[in-house]
Amino acid sequence: KDIELRLNIEKEYGIKALNKDGVNLGMEIIKYKYLEATHKNWYDIKDLRSPCDMIPLKDVILPFIKFDNPILATLLDEMKQQVVSPDRKGYEKHFLLDGLEYSVGVGGIHSVNNPEIIKPKEDEIISDVDVASLYPSLIIQYEFYPPHLGKEFLDVYKRIKDERIEAKHNGNKLKNLTLKLSINGLSGNLQSPYSFCYSPFTVMQIRINGQLLLLMLAEKLIAIGCKIIQANTEGLFVLRKRANEEEFKKVCKEWEELTKLELEEDRFEALYQYAINDYLGILEGYSENKNKK
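An account of the accompanying structure is given in this report. (Residues numbered from 1 in each chain as written. Predicted model: local features only at pLDDT ≥ 70, side-chain atom pairs only at ≥ 80, totals over all residues. Heavy atoms only, no water.)

## Focus on the state of the cysteines
Part 1: Scanning all chains against the criterion turns up 0 disulfides.
Part 2: C197 takes part in no disulfide bond, and the closest cysteine sulfur to it belongs to C52, at a distance of 15 Å.
Part 3: The class of C197 is buried, set by a relative accessible area of 0%.
Part 4: Distance from the sulfur of C252, which forms no disulfide, to the nearest cysteine sulfur (C226) is 7.9 Å.
Part 5: For C252, a relative accessible area of 9% puts it in the buried group. (Disulfide = S-S within 2.5 Å. Buried < 20%, exposed > 50% of the residue type's maximum accessible area, 1.4 Å probe, protein only.)

So, in structure tokens, the structure goes:
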């Protein structure tokens, strides 16, 4: 499948794909489509960058982000006072919210979890509530793009995402996988001074706002009695009473309308957690269906 994918990329885009890793392939496709759309050549853009010495986070944070919870309100005020360097050093904060320890900063958000087995009771639901394609969606919805490449870059990136969704719906697996490489490979290249997309300010726009928007969702869910089990880059594990399901859905819908982002949910029978990136979830319905043919 990997060889087939790479041969397809070589055929469709004329890119030498067999000797490149997935991220570099994705960026080659973005470069190809950008040059095609702007009628430029590689020598016009290869040395372009948007460097900066320091980044005040107050200039990064979206204006509608706010909190009612005093812990989160204080966190937001503190974050707005921070000035960080483009190499992502300079700010990390740990705090407790409703009994769970969080870490936020220039690298993203995650909770600090101890080994634990979590099984919801009959009157409870546990689910993973993720933001669909968080970083690509933030880039498109809030126009976070490298200034030196202009808004044409955003238009190209959006077309790639739309093409990928169409391919996925049409069952075109090769095209879906090909364009997925482009969609997901951008954020890392935005922080690489060796990339023509280099724009550390854009990286901070994506990462800082991503974690603050997730905290806005966590705050609203906690306020209606939900328990956040785990927080990670793209979502939250949420434990709640079945009786609260309508309130839960209402909070999620209102958050989607406010942020222009889309949530996806997977429900679990159990969560076996060792650490933030080391856990096993048993999907809801597994126990009933595991022995059925």
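## Some words on the packing of aromatic side chains
Part 1: In the structure shown here, the tally under the stated rule is 7 aromatic pairs.
Part 2: Seen from their ring centres, F95 and Y102 are 5.3 Å apart, and the 5° between their planes marks the pair as stacked.
Part 3: Taking relative accessible area as the criterion, F95 reaches 9% and is therefore assigned buried.
Part 4: Overall, Y102 belongs to the buried group, its relative accessible area being 0%.
Part 5: Here the aromatic rings of F237 and F268 are separated by 5.7 Å at their centres, their planes lie at 45°, and the arrangement is tilted. (Phe/Tyr/Trp six-rings, centres within 6.5 Å; stacked < 30°, edge-to-face > 60°.)

## Here's the deal with the packing of helix α4 (residues 70-80) against helix α8 (residues 200-223)
Part 1: At their nearest, the axes of α4 and α8 sit 12 Å apart, and the two run at 165° to each other. The orientation of α4 with respect to α8, classified from their angle, is roughly antiparallel. Between α4 and α8 lies a crossing of left-handed hand. In contact with L72, L75, L76 and M79 of α4, α8 contributes I208, L212, L215 and E219. (Axes fitted to C-alpha atoms, helices over the stretch in contact; angles between N-to-C directions. Helix = DSSP H or I, 4+ residues; strand = E, 2+ residues; numbered from the N terminus. Parallel < 35°, antiparallel > 145°, perpendicular 65-115°, else oblique. Left-handed = near helix turned anticlockwise from the far one by under 90°. Contact = heavy atoms within 4.5 Å.)

## Comments concerning the nonpolar core
Part 1: Counting 75 residues, the largest nonpolar core has Y102, L215 and L221 as the members making the most contacts within it.
Part 2: Among the elements that make up this core, the one with the highest residue count is α8 (12 residues).
Part 3: Among the nonpolar cores identified, the runner-up in size contains 7 residues, and I118, F237, L239 and L271 belong to it. (Core = buried A, V, L, I, M, F, W, Y, C linked by side-chain atoms within 4.5 Å.)

## A closer look at unusual backbone geometry
Part 1: Look at H39: it is not a glycine, yet its phi comes out positive at around 60°.
Part 2: Of note, H39 is situated in the loop between α2 (22-38) and α3 (42-45).
Part 3: You can call H39 exposed: its relative accessible area is 73%.
Part 4: Here the phi dihedral of E143 falls at roughly 55°; this positive angle occurs in a residue that is not glycine.
Part 5: Along the chain, E143 turns up in the loop between α5 (134-141) and α6 (150-169).
Part 6: For E143, a relative accessible area of 40% corresponds to the partly exposed category.

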